[in-house]
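# Summary of structural features
These are the residues of each chain, in order.
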Amino acid sequence: MHSFQVETGDKEALIDITGRVEKALGETGLKSGVCFVFIPHTTAGLTINENADPSVRRDILYGLSSMVPSRGYTHSEGNSPAHIKASMMGFSVLVPVEGGRLKLGQWQGIYLCEFDGPRQRQVWVSSNVPGTEPVHPVPGTSLK
Amino acid sequence: MHSFQVETGDKEALIDITGRVEKALGETGLKSGVCFVFIPHTTAGLTINENADPSVRRDILYGLSSMVPSRGYTHSEGNSPAHIKASMMGFSVLVPVEGGRLKLGQWQGIYLCEFDGPRQRQVWVSSNVPGTEPVHPVPGTSLK
Amino acid sequence: MHSFQVETGDKEALIDITGRVEKALGETGLKSGVCFVFIPHTTAGLTINENADPSVRRDILYGLSSMVPSRGYTHSEGNSPAHIKASMMGFSVLVPVEGGRLKLGQWQGIYLCEFDGPRQRQVWVSSNVPGTEPVHPVPGTSLK
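Only a predicted model underlies this, so the values are computations on that prediction, with no experimental measurement involved. (Residues numbered from 1 in each chain as written. Chains lettered and ligands numbered in written order. Predicted model: local features only at pLDDT ≥ 70, side-chain atom pairs only at ≥ 80, totals over all residues. Heavy atoms only, no water.)

## Re the nonpolar core
Soluble, globular proteins show a tendency: their nonpolar side chains are buried together. Stated precisely, the cut-off is as follows: In this description, a nonpolar core means a group of buried Ala, Val, Leu, Ile, Met, Phe, Trp, Tyr and Cys residues linked to one another through side-chain atoms lying within 4.5 Å. Burial classes: relative accessible area under 20% of the type maximum marks a residue as buried, over 50% as exposed, and values in between as partly exposed (1.4 Å probe, protein chains only). By the convention used here, residues are in contact when the closest approach between their heavy atoms is within 4.5 Å.
If you look at the biggest cluster of nonpolar residues, it comprises 138 residues, and the most contacted ones within it are A:Met88, B:Met88 and C:Met88. Sequence-distant contacts of C:Met88, defined by excluding residues within four places in its chain, comprise A:Met67, A:Met88, A:Met89, B:Ser87, B:Met88, C:Leu64, C:Met67 and C:Val68.

## Notes on the packing of aromatic side chains
Residues and elements named next belong to chain A. Cut-off, in case you're wondering: Note on aromatic contacts: the rings of Phe and Tyr and the six-membered ring of Trp form a pair at centre separations within 6.5 Å, being stacked when their planes are under 30 degrees apart, edge-to-face when over 60 apart, and tilted otherwise.
Following the criterion strictly, the structure yields 9 aromatic pairs over all chains and no others. Between the aromatic rings of Phe36 and Phe38, the centroid separation amounts to 6.0 Å while the plane-to-plane angle is 40°, which identifies the pairing as tilted. Owing to a relative accessible area of 2%, Phe36 belongs among the buried residues under this scheme. For Phe38, a relative accessible area of 0% corresponds to the buried category.

## Structural notes on the sheet that holds strand β4 (residues 44–50) of chain C
Residue and element names in this part refer to chain C. The condition is simple: We call two strands paired when DSSP finds no fewer than two bridges between them. We count a stretch as a helix when DSSP gives it H or I for four or more residues in a row; a strand needs E for two or more, and each element gets its number in order from the N terminus. Helix axes use the C-alpha atoms of the stretch in contact, all axes being lines fitted to C-alpha atoms, and the angles between their N-to-C directions lie in the range 0 to 180 degrees.
The antiparallel open sheet is built from 3 strands, whose spatial order is β2-β7-β4. Strands at the two margins of the open sheet, each flanked by one partner only, are β2 (13–16) and β4. Across the sheet, the axes of successive neighbouring strands diverge by a mean angle of 35°, strand direction being ignored. Pairing of β4 with strand β7 (residues 108–114), which is carried by 7 bridges, proceeds in the antiparallel orientation. The residue bridging Thr47 from the neighbouring strand is Tyr111, located in β7.

## Some words on helix α2 (residues 55–67) of chain B
Operational definition: Given the number of residues in a helix, its expected span is that number minus one, multiplied by 1.5 Å.
With 13 residues, α2(B) extends 18 Å between its outermost C-alpha atoms, agreeing within 8% with the 18 Å of an ideal straight helix rising 1.5 Å per residue. Among the residues making up α2(B), those that are buried are B:Ser55, B:Val56, B:Asp59, B:Ile60, B:Leu61, B:Gly63, B:Leu64 and B:Met67.

## As for the environment of C:Ser80
The residue C:Ser80 is located in helix α3 (residues 80–89) in this model. Taking the C-alpha atoms as reference points, C:Ser80 and C:Ile39, 41 residues apart in sequence, are found 18 Å from one another.

## What to know about the pattern of salt bridges
Quick note on the threshold: Salt bridge, as used here, is a side-chain nitrogen of Lys or Arg placed within 4 Å of a carboxyl oxygen of Asp or Glu.
Enumeration over the complete set of coordinates arrives at 18 salt bridges over all chains. A salt bridge links B:Lys85 to B:Glu12; its shortest N-O distance comes to 2.7 Å. With B:Lys85 in helix α3 (residues 80–89) and B:Glu12 in the loop between β1 (2–7) and β2 (13–16), this pair connects stretches of sequence that are 73 residues apart. B:Glu12 gets classed as partly exposed once you look at its relative accessible area, which sits at 23%. Across the pair C:Arg101 and C:Glu22 runs a salt bridge, and its minimum N-O distance is 2.6 Å. In this pair, C:Arg101 sits in strand β6 (residues 101–102) while C:Glu22 sits in helix α1 (residues 18–28), placing the two residues 79 residues apart along the sequence. Salt bridges sharing partners connect three or more residues here, namely A:Lys11, A:Asp116 and A:Arg119.

## A word on the packing of helix α2 (residues 55–67) of chain C against α3(C)
Residue and element names in this part refer to chain C. Inclusion rule: Any angle from 65 to 115 degrees is called roughly perpendicular, while one under 35 is roughly parallel, one over 145 is roughly antiparallel, and all others are oblique. Helix crossings get a hand from a simple test, with the near helix turned counterclockwise from the far one by less than a right angle marking a left-handed crossing and a clockwise turn marking a right-handed one. Polarity classes work like this: nonpolar for Ala, Val, Leu, Ile, Met, Phe, Trp, Tyr, Cys and Pro, charged for Asp, Glu, Lys and Arg, and polar for all others, with Gly in that last group.
At their nearest, the axes of α2 and α3 sit 11 Å apart, and the two run at 120° to each other. Taken together, the axes of α2 and α3 lie oblique to each other. Remark: the crossing between α2 and α3 carries right-handed chirality. In this structure, α2 uses Leu64, Ser65 and Met67 to contact α3, whose residues at the interface are Lys85, Met88 and Met89. Here the residues of the contact of α2 with α3 are counted per class, giving 4 nonpolar, 1 polar and 1 charged.

## Focus on the sheet that holds strand β7 (residues 108–114) of chain A
Residue and element names in this part refer to chain A. On the basis of which strands lie adjacent, the open sheet formed by 3 strands has the order β2-β7-β4 and antiparallel pairing. For this open sheet the edge positions go to β2 (13–16) and β4 (44–50), each flanked by a neighbour on one side alone. Going from strand to strand, the sheet's axes swing by 35° on average, the running direction of each strand aside.

## Here's the deal with the environment of C:Ser126
Its place among the elements puts C:Ser126 in strand β8 (residues 120–127). Sequence separation between C:Ser126 and C:Phe36 is 90 residues; the distance between their C-alpha atoms is 5.3 Å.

## A closer look at the side chain of A:Lys85
Judged by relative accessible area, A:Lys85 falls into the buried class, the value being 4%. Look past the residues within four positions of A:Lys85 in its chain and what remains in contact with it is A:Glu12, A:Leu64, A:Ser65, A:Val68 and A:Phe115.

## Here's the deal with the environment of B:Pro118
Residue and element names in this part refer to chain B. Relative to the assigned elements, Pro118 resides in the loop between β7 (108–114) and β8 (120–127). Classification of Pro118 by relative accessible area gives exposed; the value is 55%. Sequence separation between Pro118 and Lys11 is 107 residues, and the spatial gap between their C-alpha atoms is 5.1 Å. In contact with Pro118, other than residues within four places in its own chain, are Thr8, Gly9, Asp10 and Lys11.

## As for the side chain of C:Thr47
The line we're drawing: Polar contact is defined as a pair of N or O atoms within 3.5 Å, subject to the rule that within protein one atom must be able to donate a hydrogen and the other to accept it, and that residues adjacent in sequence are counted only when both atoms are side-chain atoms.
Along the chain, C:Thr47 falls in strand β4. Since its relative accessible area comes to 2%, C:Thr47 is described here as buried. A polar atom in the side chain of C:Thr47 sits 2.9 Å from the side chain of B:Ser87. Ignoring anything within four residues of it in the chain, the contact list for C:Thr47 reads B:Ser87, B:Phe91, C:Met89, C:Val93, C:Gly109, C:Ile110, C:Tyr111 and C:Cys113.

## Points about the state of the cysteines
Residues and elements named next belong to chain A. Note the following rule: The disulfide definition used here is simple: a pair of cysteine sulfur atoms within 2.5 Å.
What the rule picks out here adds up to 0 disulfides over all chains. Here Cys113 is not cross-linked by a disulfide; its sulfur's nearest cysteine counterpart is in Cys35, at 16 Å. The class for Cys113 is buried, based on a relative accessible area of 0%.

## Here's the deal with the confidence of the model for chain A
Residue and element names in this part refer to chain A. To be explicit about the condition: Here pLDDT means the predictor's own confidence in every residue, given as a number from 0 to 100.
Averaged over every residue, the pLDDT of chain A is 88; the share at 70 or more is 88%. Counting contacts from residues 129–144, a segment whose pLDDT is below 50, to residues more than four positions away or on other chains yields 30 contacts. Overall fold confidence (pTM) sits at 0.90, and the ipTM for the predicted complex is 0.89.

Here you go:
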């Protein structure tokens, strides 16, 4: 399990973490399979979305804030909208891996979704392989 | 594939299943990797969220019900909001595993999201490992 | 990684791809584990939902369109609602596999969620197994 930290800077933000996920993927040694990205928080989530026009990120935050009610909650910390938005986005993303690199669609990037910042957030990255990678025996080698 | 059943008790509820998932994980024998939790229903989902203040669970249910329209549907069973909420939460969660235990964030729990209860629901748990676990060559054995 | 293409036909549609996923799963050779389905787009997503009454699919599209605001965006392409809906549904689904077949719940099907069509979309399918499948010891080899 490899990890990195993100300073989110704002109350709400979609932060492109594609490069950092790819760097952490490199550390796992996985060459082919599925990269598993997990966020161990409850008011921040993960998603995939457009990597080109930054206005898409602003529009996603605007859309979610328009949908999720701003009042009527009982949780005393006042951040219930952030908990809901995080569950709507989810706490993990999975991305195919080929040749040791993320195999995303042309327009896809991986985003940390901060809904109750600014905070320091953690992101965990692993391959889908338990134990040391690669799990396959390399042809011709012994794995005793 | 290990499974357990949950009596959901109410029309809508977020039910903490973290302990039952961890027990099922123990039965899979997975020590390190990713735990896959799946719900084989269409009006109940799974999510991760805060494990401390139970008002967060009520607020999530309130927020979703405020968002999802209560009328205007064509499906004759009358439970279309439940289908939509389930898709918004999703039907699986993935959690890192280390030392045979779930490696969740400090405030994270795993929740079954009932949107059309009360019912008896199933939850399926497996490791990410096909076949018998562990898939790693046991130290000292050969896998040539 | 196996893939197939889907002509979505409409501006918005939920298209049952369960059969095509199962066919692609057959090509991976995975017999037991988890099937990973990924969509490499940003205005289309994947979800699981009811496979029986087609009105559920229409109701899901109606519900999402009622929730997500139709205006107030800055992204010049005008498809920000599609980006938001795609992130709400997600870009991958995971399904247990037993005996080489998808192990879905009785009422579950896998859906491609088109939110900005009609377009030709790709769907990628792999097992959770890095490298060539199957990862299981090939019959005749030793894993003692």
